[in-house]
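Residue-level listing of the chains:
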Amino acid sequence: MSSSVQKKLDPNRLFHNLTAWFSGSVAARRKKLWLKHGGKEDDVTNAQFIFSEDVNYHDTVRLFDSEDYLIGCLTVFHAGFIDACINQNSAHKIPASRYLLMPPELAAGLRCVTKQVAEDNDEVVRKKAKRSKAPNRTVTNRENNQGTSSSSDRTQVLPHVSDLPSAAGPLYDVVPGQDGFIVQRNF
């Protein structure tokens, strides 16, 4: 359906047919918004969305220690997902992957791995850029136009696209309700 033909969603039905469980750490305001916009509350064993705002809150820690979480049948989302959906007037345009919560140890390990992969890729790019016959493009912060003001004019050397490392498989955000992705409880 084209965007000019799409009918406006009823904001009171934004979370229609979606269920959620809320940690005690979730602000009452967000829980009320979920309900106001058509979502239903359910117990943790049946809810499609498990929301928390604090990875160290006792009920969230219990979830992270549960067998369901450890075998990948349960995912915990930050309740900020609710606000993002309301701001976009859709529960199907927001990448849920941006709101994943995980135990602090796992998050720290993931940051270390991600940092190492980034450093390794940077080294590969630097080596290839030195060997490359294609000219690099130098961009200043002003040209970058990232919306941040900076008193310095640091430059950034961008390698030619052919010098970038390749990745296997597609990279994309997971958006519930699009491209065959749904949020459901695995049993």
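Just so we're clear, the structure is a prediction, and the values are computed from it rather than from any experiment.

S.K.: Just to check I follow, could you spell out the nonpolar core for this structure?
M.R.: Side chains of nonpolar character tend, in soluble globular proteins, to be buried together. Membership of the largest hydrophobic core comes to 19 residues, with the highest contact counts inside it found for Phe15, Trp34, Phe49, Phe51 and Ile82. Counting residues per element, the ones that place at least two in this core are strand 1 (19-22), helix 1 (28-36), strand 3 (49-52) and helix 4 (80-88). Once you skip the residues sitting within four places of it in the chain, Trp34 turns out to touch Phe15, Leu18, Thr19, Ala20, Phe22, Gly39, Lys40, Phe49, Phe51 and Ile82. Counting 10 residues, the second largest nonpolar core, distinct from the first, contains Trp21, Tyr69, Leu74 and Leu101.

S.K.: Hey, could you run me through the packing of aromatic side chains in this one?
M.R.: To describe a pair of aromatic rings, one takes the distance between the centres and the angle between the planes. Applying the stated criterion across every chain yields a total of 12 aromatic pairs. A centroid spacing of 6.3 Å and a plane angle of 75 degrees characterise the contact between Phe22 and Trp34, whose relative ring orientation is edge-to-face. Placement of Phe22 in strand 1 and of Trp34 in helix 1 is noted, with a sequence separation of 12 residues between them. Its relative accessible area of 8% is what places Phe22 among the buried residues. Among the residues examined, Trp34 registers a relative accessible area of 0% and is labelled buried. Between Trp34 and Phe49 the ring centres are 5.8 Å apart and the planes differ by 65 degrees, which places this aromatic pair in the edge-to-face class. You can see Trp34 sitting in helix 1 and its partner Phe49 sitting in strand 3, a full 15 residues away along the chain.

What counts, and at which threshold
- Residues numbered from 1 in each chain as written.
- Predicted model: local features only at pLDDT ≥ 70, side-chain atom pairs only at ≥ 80, totals over all residues.
- Heavy atoms only, no water.
- Core = buried A, V, L, I, M, F, W, Y, C linked by side-chain atoms within 4.5 Å.
- Buried < 20%, exposed > 50% of the residue type's maximum accessible area, 1.4 Å probe, protein only.
- Helix = DSSP H or I, 4+ residues; strand = E, 2+ residues; numbered from the N terminus.
- Contact = heavy atoms within 4.5 Å.
- Phe/Tyr/Trp six-rings, centres within 6.5 Å; stacked < 30°, edge-to-face > 60°.

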